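# What the coordinates show
Each chain, letter by letter, is given below.
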Amino acid sequence: MILNGDSAWFVPPTSRYGLSKVSSRELTNSSFTFLCQVKIDWSKMIEGSHTQEAAIMIKNGKHLGITVMKTGDNFRVVKGAIWVESNILEEKGIREIIIPVNDAINTPDISDEYLNLVFSYDIINKKLQLIVNNRKKIIDVPNELIDYTPSWLWIGCANPLESETNYHQHYFFGEYKLVGIYQKYLTDDEIIDAFAKIINPEHKPVAYYDFKETTPYKVLDITLNGNNLNKYDKKWMDAS
């Protein structure tokens, strides 16, 4: 699926018709994994403008999930971020991991390749992980995540609602090859299976999209959980 910075898709938090077997509403209240394979059109991202950051998979509000950024001197990075709460002021706020993809001095430039991205949270061991192809970073997150229950999970945009400014909408330019959402902190072997499109119920899949069966407004969830990906349409939302 190719997006040109002007459309957003969402995973329904609940099914309007009771067709979903697994809800995404409370996804971040326990361990979870987001993964996707994307190719980014960096040429459409302009440093210093509202297009310099683009959302891959985001729970909106104080955004949780994966974005990509293009900063000064064409520096390109993948970022994973969550927000945490605490009674201690210094311990609350954003926790993020940043992995460069065109830091040619230290690592090969992979920014124009298809990127396998994994963003996962381990609620038991309080770990946050970001993987970009074979580049992995893990940080400790001892504090609880803020409540994302009211938030929606967006693909291709951080939040398309008109109340948001351009700088917080973060529309995506590029191509999605697959997207997977799991209610589990996947192991390395389970991640390999996921990218191989092996849908194992023991991995607790919430939804998985390979973009093979689509309409202009829906993408089939091949887990058969009923969480089909929906295209955001302001008219439809106003009528609902």
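Above this text sits the structure in question.
Residues numbered from 1 in each chain as written. Predicted model: local features only at pLDDT ≥ 70, side-chain atom pairs only at ≥ 80, totals over all residues. Heavy atoms only, no water.

## A short note on the state of the cysteines
If you walk through the whole model with that rule in mind, you get zero disulfides. Cys36 carries a free sulfur, and the closest cysteine sulfur to it, the one in Cys157, is 15 Å from it. Assessed through its relative accessible area of 0%, Cys157 is described here as buried. (Disulfide = S-S within 2.5 Å. Buried < 20%, exposed > 50% of the residue type's maximum accessible area, 1.4 Å probe, protein only.)

## What to know about the pattern of salt bridges
Inspection of every chain in the model, using the stated rule, returns eight salt bridges. Two residues, Glu96 and Lys79, come together in a salt bridge whose shortest N-O distance is 3.8 Å. Highlighted residues: Glu96 in strand 7 (residues 93–100) and Lys79 in strand 6 (residues 75–85), separated in sequence by 17 residues. A residue is classified by how much of its surface remains accessible, and Lys79, at 14% relative accessible area, is buried. (Salt bridge = Lys/Arg side-chain N within 4 Å of Asp/Glu carboxyl O. Helix = DSSP H or I, 4+ residues; strand = E, 2+ residues; numbered from the N terminus.)

## Looking at helix 2 (residues 188–195)
An α-helical segment advances 3.6 residues per turn. Residues three or four places apart therefore align on the same side. Buried within helix 2 we find Glu190, Ile191, Ala194 and Phe195. An end-on view of helix 2 places all buried positions within 135° of arc, on one side of the element. In helix 2, those exposed residues whose orientation departs by more than 90 degrees from the buried face are Asp189 and Ile192. Next to the buried residues of helix 2 lie strand 3 (32–40), strand 8 (115–122), strand 9 (127–132), strand 13 (173–182) and strand 14 (205–209). Backbone geometry just after helix 2 places Lys197 at a positive phi near 65°. (Arc of directions from axis to C-beta. Contact = heavy atoms within 4.5 Å.)

## Quick notes on the side chain of Thr51
Tracing the backbone through its elements, the reader meets Thr51 in the loop between strand 3 and strand 4 (53–59). With relative accessibility at 12%, the residue Thr51 sits in the buried group. Polar side-chain contacts of Thr51 include one of 2.8 Å to the side chain of Ser49. (Polar contact = N/O pair within 3.5 Å; in protein donor to acceptor, adjacent residues only side chain to side chain.)

## Overview of the packing of aromatic side chains
Within the structure shown, the criterion is met by 10 aromatic pairs. Measuring from centroid to centroid gives 6.1 Å for Phe32 and Phe119, while their planes differ by 50°, and the two rings are tilted. With a gap of 87 residues between them, Phe32 in strand 3 and Phe119 in strand 8 connect regions that are remote in the sequence. Taking relative accessible area as the criterion, Phe32 reaches 0% and is therefore assigned buried. The interplanar angle of 25° and the centroid separation of 5.9 Å between the aromatic rings of Trp152 and Trp154 together place this pair among those described as stacked. The exposure class assigned to Trp152 is partly exposed, which follows from its relative accessible area of 24%. Cluster of aromatic residues (ring-pair linked, three or more members): Phe10, Trp152, Trp154 and Tyr232. Seen from the ring of Tyr114, Lys39 lies directly overhead, with NZ or CZ sitting 5.1 Å from the centre. (Phe/Tyr/Trp six-rings, centres within 6.5 Å; stacked < 30°, edge-to-face > 60°. Lys NZ or Arg CZ within 6 Å of the ring centre and 35° of its normal.)

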